[in-house]
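Chain by chain, the residues:
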Amino acid sequence: LAVRASAAWSVADYDATGPTINYKERISVVPISIGLKKMFWIGDLSLVPYVAAEGTFAPLISAEAEIARSGDGLRYLAPKSIVRTNERGDGQAAVAGIVGIGRKLGNTVVYVEGRYRHALDRIDRYDEVYTETELLTNYYWLDRKTTMHSLALTVGVQFVLRYHRQNRIYPWAPLKPE
């Protein structure tokens, strides 16, 4: 069992498209996670499967949107780009389940993992649904309650600073006791 901590830069896009409107938003966050990881050693196999569970808080960095509307028959509405950071929450809390496989190469571990992150709260502010009046009056756009869950495949490299001497992947100890 190991403690696992990470930070990353994440960009998520979401679209809301209908017959007369096309809304796209790009949200940038910095997910900061801490959790537990359990590795499963299978004989002398150099690939090590693992599972992990973690909690995450992702502070919001930016939220930018583009909206276009086909018009209402009386006027043409040009596409509009707006910054929506003030209409979004400060960040989002989530929990994640992870399944992966890693291979050790010296002090470096190369890994591939699948991750499902389940958001615990909404990305939009709870109290400010009608703040962008131009979107409401001109484009007939009203924010919905939005929660962003994610499913991701990650390929990565870890550099191990220090191994515990009793760890099976300690680089200066034999894999099997003599």
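Below is a short write-up of the structure. (Residues numbered from 1 in each chain as written. Predicted model: local features only at pLDDT ≥ 70, side-chain atom pairs only at ≥ 80, totals over all residues. Heavy atoms only, no water.)

All right, on to the overall build of the protein then. Looking only at helices and strands, the protein has one helix and nine strands in total. Counting from the amino terminus, the protein carries its helices and strands in the arrangement β-β-β-β-β-β-β-β-α-β. Here the protein holds 178 residues, and 34% of them are scored as buried. Excluding contacts between residues fewer than 6 apart, the proportion of contacts in the protein whose partners are at least 24 apart in sequence is 68%. When the accessible surface of the protein is totalled, it reaches about 11300 Å², and 59% of it is carbon and sulfur. (Helix = DSSP H or I, 4+ residues; strand = E, 2+ residues; numbered from the N terminus. Buried < 20%, exposed > 50% of the residue type's maximum accessible area, 1.4 Å probe, protein only. Contact = heavy atoms within 4.5 Å. Areas by Shrake-Rupley, 256 points an atom, 1.4 Å probe, with all protein chains shown as cover.)

Counting residues in hydrophobic clusters, the biggest one holds 14 residues, and the most contacted among them are Tyr-14, Tyr-23, Ile-27, Val-29 and Met-148. Secondary-structure elements contributing two or more residues to this core are strand 2 (10-17), strand 3 (21-29) and strand 5 (47-69). With five residues, the single largest contributor to this core is strand 5. Once residues lying within four places of it in the same chain are set aside, the contact partners of Ile-27 are Ser-10, Val-11, Ala-12, Tyr-14, Leu-60, Ser-62, Ala-63, Ile-123 and Met-148. (Core = buried A, V, L, I, M, F, W, Y, C linked by side-chain atoms within 4.5 Å.)

Relative to the helices and strands, Gly-89 is located in the loop between strand 6 (77-83) and strand 7 (91-105). Residue Gly-89 is classed as buried on the basis of its relative accessible area of 13%. A sequence separation of 34 residues divides Gly-89 from Ile-123, and the C-alpha atoms of the two residues are 5.5 Å apart.

In this fold, Arg-115 is placed in strand 8 (residues 108-119). Setting aside residues no more than four positions away along its own chain, Arg-115 makes contact with Arg-4, Glu-54, Ala-96, Gly-97, Ile-98, Ser-150, Leu-151, Ala-152 and Thr-154.

Bringing the environment of Ala-8 into the picture now. Examined against the element boundaries, Ala-8 turns out to sit in the loop between strand 1 (2-7) and strand 2. The contact partners of Ala-8, leaving out residues within four places of it in the chain, are Val-29, Val-30 and Pro-31.

Moving on: the side chain of Gln-92. Structurally, Gln-92 is set in strand 7. At 2.7 Å, the side chain of Gln-92 forms a polar contact with the backbone oxygen of Asp-121. Not counting chain neighbours up to four residues away, the residues in contact with Gln-92 comprise Thr-56, Phe-57, Ala-58, Ala-119, Asp-121, Arg-122, Ile-123, Thr-147 and Met-148. (Polar contact = N/O pair within 3.5 Å; in protein donor to acceptor, adjacent residues only side chain to side chain.)

Turning to the pairing of strand 4 (residues 32-39), a few remarks are in order. When strand 1 meets strand 4, the two strands line up antiparallel, connected through six bridges. Along strand 4, the bridge assignment pairs Val-3 with Leu-36. Here strand 4 pairs with strand 5 via eight bridges, running antiparallel. Its bridge partner being in strand 5, Lys-37 is matched across the sheet by Ala-52. (Pairing = 2+ DSSP bridges.)

Scanning the entire structure with this criterion turns up one aromatic pair. Ring centres of Tyr-14 and Tyr-23 lie 6.2 Å apart, and the angle between their planes is 50 degrees; this geometry places the pair in the tilted category. For Tyr-23, a relative accessible area of 0% gives the class buried. Its end group placed over the ring of Tyr-50, Lys-37 keeps NZ or CZ at 4.2 Å from the ring centre. (Phe/Tyr/Trp six-rings, centres within 6.5 Å; stacked < 30°, edge-to-face > 60°. Lys NZ or Arg CZ within 6 Å of the ring centre and 35° of its normal.)

Tallying each qualifying case throughout the model produces seven salt bridges. Of the charged contacts in the structure, one is a salt bridge between Arg-4 and Glu-113, with a shortest N-O distance of 2.9 Å. Of the two residues, Arg-4 sits in strand 1 while Glu-113 sits in strand 8, which places them 109 residues apart along the sequence. Looking at Arg-4, the relative accessible area reads 11%, which means it is buried. Note that Arg-115 is salt-bridged to Glu-54, the shortest N-O span being 2.3 Å. With Arg-115 in strand 8 and Glu-54 in strand 5, the pair connects residues that are 61 residues apart, well separated along the chain. Note on accessibility: Arg-115 and Glu-54 belong to one class, buried. (Salt bridge = Lys/Arg side-chain N within 4 Å of Asp/Glu carboxyl O.)

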